[in-house]
Amino acid sequence: MIYMDNAATTKTAPEVVEAMIPYFSEHYGNPSGIYSIAAKSKEAVTESRDKIAAILGTKPANIYFTAGGTESDNWALKATFEAYKAKGNHIITTKIEHHAILHTCEYLEKRGAKITYLPVDEYGIVDLEELRKAITPQTILISVMAANNEIGSIQPLEKIGRIAKEHDILFHTDAVQAFGQVPIDVDALHIDMLSSSAHKINGPKGIGFLYIRKGVKIRSLIHGGAQERKRRAGTENVPGIVGYGVAAQRVAQTMEERTQKEIELRDYMIHRISEEIPQAKLNGHPQKRLPNNVNFSFEFIEGESLLIMLDMKGICASSGSACTSGSLDPSHVLLAIGLPHEIAHGSLRLTISEETTKEEIDTVVDEVKDIVAKLRSMSPLYEDYLQGKKTSIIDTWNLE
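Everything numeric in this text was worked out from a predicted model, so none of it was measured. (Residues numbered from 1 in each chain as written. Predicted model: local features only at pLDDT ≥ 70, side-chain atom pairs only at ≥ 80, totals over all residues. Heavy atoms only, no water.)

With that settled, consider the packing of helix α3 (residues 36-56) against helix α9 (residues 238-276). Between α3 and α9, whose axes approach to 9 Å, the crossing angle comes to 30°. With respect to their mutual orientation, α3 and α9 come out roughly parallel. For the element pair α3 and α9, the recorded crossing hand is left-handed. Contacts from Ser-41, Ala-44, Val-45, Ser-48, Lys-51, Ile-52 and Ile-55 in α3 reach Val-238, Ile-241, Val-242, Tyr-244, Gly-245, Val-246, Ala-248, Gln-249 and Ala-252 in α9. Its residues placed into classes, the contact of α3 with α9 shows 11 nonpolar, four polar and one charged. (Axes fitted to C-alpha atoms, helices over the stretch in contact; angles between N-to-C directions. Helix = DSSP H or I, 4+ residues; strand = E, 2+ residues; numbered from the N terminus. Parallel < 35°, antiparallel > 145°, perpendicular 65-115°, else oblique. Left-handed = near helix turned anticlockwise from the far one by under 90°. Contact = heavy atoms within 4.5 Å. Nonpolar A, V, L, I, M, F, W, Y, C, P; charged D, E, K, R; others polar.)

Now the structure itself:
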């Protein structure tokens with residue numbers, strides 16, 4: 001098997017698993033207890049919180065553990081809307097956010113929120129002037145993802161954060177894909193809230209965190225006990241938190257060397273596909289993209305067929321977000337960057353890891369090249385193109 005879907009989830013690192021195991025059966029105490037076995041669990045939670053806070057350049061008290069990125073996104077938006085109603089009801093986000101943001105915004109719209117969905121350019125980058133224009137006296141929150149989960153484009157967070165700060169508006173970023181892949185300093189980027197999830201960085205599933213800057217007055221999303229300083233009720237997932245701390249420290253220590261290797265392999269793959277497969281379009285920004293992300297659209301094919309045939313060859317890939325893998329609709333991200341339906345339907349996302357080799361890249365590209373050719377040989381539209389009865393949209397774009 002060649003695994004090329006690390007944006008969906010990653011393999012839990014051996015040292016992460018090893019660190020977690022004692023907290024299942026040996027140090028299994030509830031951190032809220034007053035006896036020694038509980039103190040051991042509480043100490044482990046505190047240590048992981050310290051590690052994560054240090055990576056973001058903040059204080060441990062600003063890190064709140066959750067069940068993952070989706071919960072963190074929900075908490076940031078719903079609780080902000082509830083807490084800042086007296087100031088306004090307007091939230092600004094983008095058309096290419098993860099559905100954890102978009103569906104939460106739809107929920108809030110039914111409860112009186114006004115949502116502005118900013119357009120993006122052909123690379124998936126927010127227009128800062130459009131952002132400025134969207135701000136009103138009722139704007140309480142700007143939520144823009146750090147890097148897109150499908151096309152990998154990295155947003156200008158520092159500039160967005162500065163605009164938010166100038167207008168006294170809270171700034172939240174979904175950093176689920178970016179944390180551990182690009183350096184993030186919450187103070188330097190003027191970030192008030194940040195979502196993250198452990199399983200994207202070789203940590204366990206079911207654990208995440210929400211960074212909340214001191215002074216941000218948002219309420220609890222989950223009510224019950226006094227855990228997480230009375231802001232997130234429920235007995236802490238101690239093994240998951242321990243695993244997250246180890247995973248976070250691990251990616252922080254290896255970031256420079258690891259991402260440089262990923263960038264080299266990423267660019268090599270992009271070059272080969274661009275040069276060897278005609279009517280192929282790279283999606284996302286060519287440089288300002290996540291180190292491990294490759295996303296192409298191939299004209300005259302269906303992406304679902306491509307994925308099935310790759311799977312038969314032992315290659316794991318995707319056409320976009322794992323959260324929408326059962327949908328027959330084209331990616332909302334690809335439509336937002338201007339791709340027509342017929343091109344968006346032929347998309348392929350390949351996301352590599354530190355363990356990916358050049359040999360694996362070559363194997364995958366060779367298989368993609370072969371499968372695309374086979375699928376096109378069965379396409380009447382491609383036959384029309386070969387006979388000059390139909391033009392190629394992608395060829396036209398490349399000429400422009």
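Time to look at the packing of helix α4 (residues 69-83) against helix α5 (residues 99-109). At a minimum axis distance of 9 Å, the contact between α4 and α5 shows a crossing angle of 30°. As far as their axial angle goes, α5 and α4 are roughly parallel. Crossing handedness for the pair α4 and α5: right-handed. Of the residues in α5, those touching α4 at Thr-70, Asp-73, Asn-74, Leu-77, Lys-78 and Phe-81 are Ala-100, Ile-101, Thr-104, Cys-105, Tyr-107 and Leu-108. In terms of residue class, the contact of α4 with α5 is built from seven nonpolar, three polar and two charged.

With that settled, consider the environment of Ile-270. Turning to its location among the elements, Ile-270 is positioned in helix α9. You can call Ile-270 buried: its relative accessible area is 11%. The spatial distance from the C-alpha of Ile-270 to the C-alpha of Ala-188 is 32 Å, given a sequence separation of 82 residues. Every residue in contact with Ile-270, bar those within four places of it in the chain, is listed here: Leu-282, Arg-289, Val-294 and Phe-296. (Buried < 20%, exposed > 50% of the residue type's maximum accessible area, 1.4 Å probe, protein only.)

Moving on, we get to the nonpolar core. Ranked by size, the top nonpolar core spans 61 residues in total, and within it Leu-56, Ile-142, Ile-184, Ile-191, Leu-194, Phe-209 and Tyr-244 carry the most contacts. The element best represented in this core is α9, accounting for eight residues. Those residues in contact with Phe-209, other than ones at most four positions away along the chain, are Ile-52, Leu-56, Ile-63, Tyr-64, Phe-65, Thr-66, Ser-72, Phe-179, Leu-194, Ser-195, Ser-196 and Tyr-244. The next biggest cluster of nonpolar side chains, apart from the first, holds 28 residues, and it includes Ile-277, Leu-307, Val-365 and Leu-375. (Core = buried A, V, L, I, M, F, W, Y, C linked by side-chain atoms within 4.5 Å.)

Our next topic: α5. Residues of α5 that are buried include every one of Ala-100, Ile-101, Leu-102, Thr-104, Cys-105 and Leu-108, and no others. In this structure, the buried residues of α5 make contact with α4, β3 (90-94), β4 (114-118), β5 (139-143), β6 (170-174) and α11 (332-336).

Across the sheet, three strands lie side by side as β9-β10-β12; this open sheet has antiparallel pairing. Unpaired on one side and paired on the other, β9 (280-282) and β12 (347-351) mark the two borders of the sheet. When strand polarity is set aside, the average angle formed by the axes of neighbouring strands in this sheet is 25°. Looking at chain direction, strand β10 (residues 293-298) and β12 are connected through five bridges and run antiparallel. By the bridge assignment for β12, Val-294 is matched with Leu-350. Relative to the sheet, α9 contacts β9, β10 and β12, its axis offset from that of β10 by approximately 15°. (Pairing = 2+ DSSP bridges.)

Most of β6 is tucked away, with five of its five residues classed as buried. Burial along β6 is two-sided: Leu-170, His-172 and Asp-174 facing one way and Phe-171 and Thr-173 facing the other are all buried. Two strands pair when backbone bridges link them, and β5 and β6 are joined in this way by three bridges, in the parallel orientation. Note on β6: the bridge partner recorded for Leu-141 is Leu-170.

Once that is clear, we can look at the sheet that holds β4. Across the sheet, seven strands lie side by side as β2-β8-β7-β6-β5-β3-β4; this open sheet has mixed pairing. The sheet is open, and its two edges are formed by β2 (63-66) and β4, each paired on a single side. Neighbour to neighbour, the strand axes of the sheet diverge by 20° on average, direction disregarded. Where strand β7 (residues 193-197) lies against strand β8 (residues 208-212), five bridges are found, and the strand directions are antiparallel. Among the inter-strand pairings, Ser-197 is bridged to a residue of β8, identified as Gly-208. Here helix α7 (residues 157-166) sits on the sheet and contacts β5 and β6; the angle it forms with β6, its principal contact strand, is near 155°.

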